[in-house]
Amino acid sequence: MKWPIPSRYLRTQCTWDLRTGYIILDYIPKVDGQPLSESWQKYRNDDRRRRNLFRGIANILLALARDPAPRIGSLRFHDDGTFSLTNRPLSCSLVIQENEGAKRVLQPDQTYSVVEAYVSDLHLCHDNWFLAQPNAVTDGDDCRAQLGAATILRAISHQFFDSSMRHGPFIMMPTAFHQSNLLVDENWNITHLLDLEWFCALPVEMCHPPRWLTGRAVDEITGEDLDEYENARKEFMHVFKEQEIRLQKKELTPFADIMENGWNAGCFWYSVSLMSVDARDR
């Protein structure tokens, strides 16, 4: 195992040898939790439930950050039951782009040791996806606007990522962290987390509060909706900082400070443009 995975991340470890494709499935009964999306609208303004939820999300992110990864990538499961960080950073948005015809940029065994190289390739992924879409633009003006946005995003990338962290830390984080993938009990305590296959080791500066804190898509967070999101984000960060003080080792760089600095510098929005399929030209 080239990168030991803490046992708390693994529910089971396979010891058999299978040389054909297979999927491991686990049945979760309803009594063990229901998708957050089913009760979000009903209880989203319930202070107690929301605090329980934020505490659970904070604990997940802090647990993952406690053991930094050596590179940007995702886990590969080997025939002998071991794992290694030798797979490309396979995010949910990347698979959507490739399934819709985008030429592959990140090769199956490609990992990254430098943030800038990864960010540059993500821009190329978006370019290839743009070229593969038969209805990518509505007219000439729309085309010029999208190409202009892409050019600007490339040119200003250095403003959003701290050069002192170009070689890490890299931490495991979910890239499909939406309400339907969080199972909660009636008090919104998180009981299960789904779609673990979309977890990647990414630059720590790309980890931010969930985009859906106000129930709106990221391209709808503007004007008064932005003020609402900022209030929800501050509430989340308050809980996050409390949990970090309680759980985190003192010698580690405060994760909350990195997230707060990223918000103030605009890294939140820049990261969203890189990791989303529908927010790049917003």
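Just above, that's the structure.
The structure presented is a predicted model; accordingly, all values stated were derived computationally and were not measured.

### A closer look at the overall build of the protein
At step 1: In terms of helices and strands, the protein carries eight helices and seven strands.
At step 2: For the protein, with 282 residues in total, the buried portion stands at 45%.
At step 3: Considering only residue pairs separated by 6 or more positions, the protein has 72% of its internal contacts joining residues 24 or more positions apart.
At step 4: If you sum the accessible surface of the protein, you get close to 15,100 Å²; carbon and sulfur atoms cover 51% of it.

### Section: the packing of helix H2 (residues 47–65) against helix H6 (residues 224–247)
At step 1: Packing of H2 against H6 brings their axes to within 9 Å, and their N-to-C directions diverge by 55°. The angle between H2 and H6 falls in the class oblique. Read as a crossing pair, H2 and H6 show a hand that is right-handed. Taken together, the residues of H6 that come into contact with H2 (itself represented by Arg 50, Arg 51, Phe 54, Arg 55, Ile 57, Ala 58, Asn 59, Leu 61 and Leu 62) are Ala 232, Glu 235, Phe 236, His 238, Val 239, Phe 240, Glu 242, Gln 243, Glu 244, Arg 246 and Leu 247.
At step 2: Split by residue class, the contact of H2 with H6 holds 10 nonpolar, three polar and seven charged.

### Considerations on the side chain of Asn 181
At step 1: Tracing the backbone shows Asn 181 in the loop between strand E4 (170–174) and strand E5 (182–184).
At step 2: Taking the relative accessible area as the measure of exposure, Asn 181 reaches 5% and is therefore buried.
At step 3: In this structure, Asn 181 is in contact with Ala 176, His 192, Leu 193, Leu 194 and Asp 195, ignoring residues within four places of it in sequence.

Cut-offs used in this document
- Numbers given to residues run from 1 along each chain, matching the order in which its sequence is written.
- Reporting of local features is limited, given that this is a predicted model, to residues whose pLDDT is at least 70; pairs of side-chain atoms are given and counted only at 80 or more, and all residues count toward the totals for whole chains, interfaces and linings.
- In computing side-chain values, all of the structure's heavy atoms are included and hydrogens and water are not.
- Secondary structure elements follow DSSP: runs of H or I of four or more residues count as helices, runs of E of two or more count as strands, with numbering from the N terminus.
- For each residue, the accessible area found with a 1.4 Å probe, counting protein chains only, is set against the maximum for its type, and the residue is called buried under 20%, exposed over 50%, and partly exposed in between.
- By the convention used here, residues are in contact when the closest approach between their heavy atoms is within 4.5 Å.
- Here the Shrake-Rupley method, with its probe set to 1.4 Å, supplies the accessible areas, and only the displayed protein chains count as covering residues.
- Where helices are involved, their axes are fitted lines through C-alpha atoms of the stretch in contact, as for all axes, and angles between N-to-C directions lie from 0 to 180°.
- Here the word oblique covers every angle except those under 35 degrees (roughly parallel), over 145 (roughly antiparallel) and from 65 to 115 (roughly perpendicular).
- If you view the pair so one helix is near and one far, a crossing is left-handed when the near helix is turned anticlockwise from the far one by less than a right angle, and right-handed when it is turned clockwise.
- Under the grouping applied here, Gly and all other residues not named as nonpolar or charged are polar, the nonpolar ones being Ala, Val, Leu, Ile, Met, Phe, Trp, Tyr, Cys and Pro and the charged ones Asp, Glu, Lys and Arg.

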